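Understanding the architecture of this molecule
Okay, here's what each chain looks like letter by letter:
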Amino acid sequence: MNESTKMTYEDLKAGFEKLKENRGLGKEEDPITLQLGSDLWDYSPKEEYITFAFPVIKKELNPNGAMMGGIVCTALDMTYGLLVYALCGGGVIPPTVSMTTNFINAIFFGDTLLITAKVISWGKRIINMRAEGISKKTGKTVVTSTAVFISDADFSLRQNG
């Protein structure tokens, strides 16, 4: 990973806000990132972590009134992907190879899921990351996760070769 290509917090936030302006928030054609109402909460290119906020909305609820596990997994994958995107300078999002998810507590309507993803190691071929999702209201851990992505250099070679 090239240190000089990492996006700043300001650049990432501005890009996300521009995406929101150019889309009809909540419409079917919008990227899932916008449909879920997510927002950049925190990001540090130096410490290689990002936090996204996902409000728990009615269309995401299971019959028990909690956010569905599949939506939680989608939020995790988006957070991981956006971290890699930002650290690669916004060029590409290399694909997810694997993701392990551990559901700890439920999160309910009206709360916000705060997911923080962090790079553990960034090699020539793979990127290892971990994440934790917590309830904004209670501070309780909702989910933990690990993920592996293809490294940006390896992905670029595969795309062009």
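Look up: the structure comes first, before these words.
Here the structure is a predicted model, which means the values were calculated and not measured.

Procedures and definitions
Residues numbered from 1 in each chain as written. Predicted model: local features only at pLDDT ≥ 70, side-chain atom pairs only at ≥ 80, totals over all residues. Heavy atoms only, no water. Pairing = 2+ DSSP bridges. Helix = DSSP H or I, 4+ residues; strand = E, 2+ residues; numbered from the N terminus. Axes fitted to C-alpha atoms, helices over the stretch in contact; angles between N-to-C directions. Buried < 20%, exposed > 50% of the residue type's maximum accessible area, 1.4 Å probe, protein only. Salt bridge = Lys/Arg side-chain N within 4 Å of Asp/Glu carboxyl O. Polar contact = N/O pair within 3.5 Å; in protein donor to acceptor, adjacent residues only side chain to side chain. Contact = heavy atoms within 4.5 Å.

Things to note about the pairing of strand E1 (residues 39-44)
For a regular strand, side chains alternate in direction, first toward one face of the sheet and then toward the other. Two elements, E1 and strand E2 (residues 49-55), share 5 bridges in a ladder whose sense is antiparallel. Each bridged residue has a counterpart across the sheet, and for Asp39 the counterpart in E2 is Ala53. Taking the residues that link successive antiparallel strands as the turn, the E1-E2 hairpin has 4 residues, and the phi of Glu48 there is positive, at about 55°.

A closer look at the sheet that holds strand E4 (residues 112-122)
The strand order E1-E2-E4-E5-E6-E3 describes an open sheet built from 6 strands, whose pairing is antiparallel. The open sheet has two free edges, formed respectively by E1 and strand E3 (96-103), since each of these has just one partner strand. Put simply, the sheet's adjacent strands are angled 15° from each other on average, direction ignored. Bridging between E4 and strand E5 (residues 126-135) involves 9 bridges; their strand directions are antiparallel. In the sheet register, Thr116 faces E5, and the bridge partner there is Glu132.

Focus on the pairing of strand E6 (residues 141-150)
Within E6, 7 of the 10 residues are buried, which leaves it mostly tucked inside the rest of the structure. By the bridge criterion, 7 bridges tie E3 to E6 in an arrangement that is antiparallel. Bridge pairing links Thr100 to Thr146 in E6. Both E5 and E6 contribute to a ladder of 9 bridges, which runs antiparallel. Pairing of Arg130 across the sheet is with Thr146, part of E6. Hairpin connection from E5 to E6: 5 residues lie between these consecutive antiparallel strands, with Gly139 at a positive phi of about 80°.

Re the pattern of salt bridges
If the charged atoms of two oppositely charged side chains come close together, the side chains can form a pair. Counted according to the given criterion, the structure contains 2 salt bridges. A salt bridge links Glu48 to Lys6, with the nearest nitrogen and oxygen atoms 3.2 Å apart. Of this pair, Glu48 sits in the loop between E1 and E2 while Lys6 sits in the segment before helix H1 (9-21); the two residues are 42 residues apart in sequence, bridging distant segments of the chain. Of the two residues examined, Glu48 and Lys6, each falls in the buried class.

With respect to the side chain of Ser145
Residue placement: Ser145 occurs in strand E6. Owing to a relative accessible area of 4%, Ser145 belongs among the buried residues under this scheme. Among the polar contacts listed, one links the side chain of Ser145 to the side chain of Tyr80, at a separation of 2.9 Å. Within the local environment of Ser145, its side chain forms a polar contact with the backbone oxygen of Thr100, the two atoms lying 2.8 Å apart.

Focus: the environment of Thr144
Mapping Thr144 onto the fold places it in strand E6. Expressed as a C-alpha distance, the spacing of Thr144 and Ile104, which sit 40 residues apart in the sequence, is 7.5 Å. Not counting the four nearest positions on each side in its chain, Thr144 is found in contact with Thr100, Thr101, Asn102, Ile104, Ala131 and Glu132.

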